[in-house]
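# Chain and residue survey
Here is how the chains run, residue by residue.
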Amino acid sequence: MSIEKALNPIELYYQEYPEERDMSEGYQHRLISMYMQEILEWYYRGQACIVTANLVIYNAAIKTSPDVAVIKGAQLSDQDLSEEVLGWLVSPPERPAPAWVLEVSSRENWDKDIDPTKNRRKYGELGVKEYIAFDPLRYWGGDVRLRGWRYRDGIAEEIAPNAQGWLWSEQLDLWLVPDGVNLWLYDANGTKLPTSKERRLDYEAQRLLNEEQRLLNEEQRLINETQQSVIEALRAKMRANGIEPDAP
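Heads up: these notes are all about the structure in this document. Keep in mind that what you see is a predicted model, and the values were worked out from it rather than measured.

### Re the environment of Phe-134
With respect to the element layout, Phe-134 can be found in strand β7 (residues 130-134). On the basis of relative accessible area, Phe-134 is assigned to the buried category, the value being 0%. On a C-alpha basis, the gap between Phe-134 and Glu-103 in space is 6.4 Å, while along the polypeptide they are 31 residues apart.

What follows is the structure, given as structure tokens:
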């Protein structure tokens with residue numbers, strides 16, 4: 001599957017929304033986007049799935065650049081990976097729309113993240129199946145930081161959170177869990193998905209545990225051998241003194 005560079009649509013997009021090229025994203029905004037991309041790339045490893053961040057996604061009528069997007073049933077070719085990928089032209093079934101998108105609200109554009117006439121409508125028209133918006137720094141006002149919509153025939157239906165404020169994503173088969181200024185991913189069992197650093201630490205901890213167990217096993221083997229040697233020496237001494245060790 002090939003991705004067109006599509007310079008004209010992308011340049012047009014940035015002409016329409018120049019702030020998205022020039023604006024510096026906030027620190028927390030970048031942390032959330034990087035976390036989501038890293039976790040989802042690991043989660044979908046080995047599957048036909050593209051996880052992107054800030055890639056221009058467009059069709060004949062719509063151009064957008066979500067903070068994070070998951071495009072299922074698609075893969076980058078070797079040629080794509082060797083070149084600069086500038087955009088994804090939605091053209092089903094070969095080039096499907098993202099199944100899932102995330103927008104992290106910023107000071108400059110938080111309003112379009114939740115406005116029903118802006119991103120919410122745009123993603124429905126593009127063919128997205130789920131749209132999630134997260135407001136780490138409370139630009140929306142109020143206490144709600146996480147909202148999501150699921151599209152049925154292009155119509156957005158808001159996803160109801162559970163009692164803890166978590167949102168279930170049917171497309172990811174994961175929980176989205178707000179935690180102050182952070183947004184985490186949990187599996188269906190309520191276990192937080194580990195970052196690459198946490199996976200390395202878990203691997204190292206398991207390696208050390210295995211090594212400790214190996215040393216304990218070796219120590220026990222030496223103890224057993226020593227005990228057996230002592231027993232055999234005693235039996236030999238008894239025989240030397242005319243005593244049969246196994247006699248009743």
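### A few points about unusual backbone geometry
For the bond running from Pro-92 to Pro-93, omega is 0 degrees, close enough to zero to count as cis. Here Pro-93 shows up in the loop between β5 (87-89) and β6 (100-104). At Asp-153, a position not held by glycine, the phi torsion is positive, near 55 degrees. Its place among the elements puts Asp-153 in the loop between β8 (146-152) and β9 (155-158). Look at Asp-153 and you get exposed, because its relative accessible area is 82%. One non-glycine residue with positive phi stands out, namely Asp-173, at about 60 degrees.

### Topic: the sheet that holds strand β11 (residues 174-179)
If you walk across this open sheet you meet the 3 strands as β10-β11-β12, and the pairing is antiparallel. Of all strands in the sheet, those bounded by a partner on one side alone are β10 (167-169) and β12 (182-186). Averaged over all neighbouring strand pairs, the angle between strand axes comes to 30 degrees, with direction disregarded. Direction of pairing for β10 relative to β11: antiparallel, over a ladder of 3 bridges. Bridged to Ser-169 within β11 is Leu-174. Running at roughly 10 degrees to β12, helix α3 (residues 27-43) makes contact with β11 and β12 of the sheet.

Rules of the game
Going along each chain's sequence as written, the residues are numbered from 1 onward. Side-chain atom pairs in this predicted model are given and counted only at pLDDT of 80 or more, local residue features only at pLDDT of at least 70, and totals for whole chains, interfaces and linings cover all residues. To get the side-chain values, all heavy atoms of the structure are used, and hydrogens and water are removed first. Comment: elements are numbered from the N terminus, with helices defined as DSSP H or I runs of at least four residues and strands as E runs of at least two. Exposed residues in this analysis have more than 50% of their type's maximum accessible area, buried residues have under 20%, and partly exposed residues fall in between, with area computed by a 1.4 Å probe over protein chains only. By this definition, two strands are paired if DSSP reports at least two bridges between them. Simply put, an axis is a line fit to the C-alpha atoms, just over the touching stretch for a helix, and the angle between two N-to-C directions goes from 0 to 180 degrees. Any two residues having at least one pair of non-hydrogen atoms within 4.5 Å are treated as being in contact.

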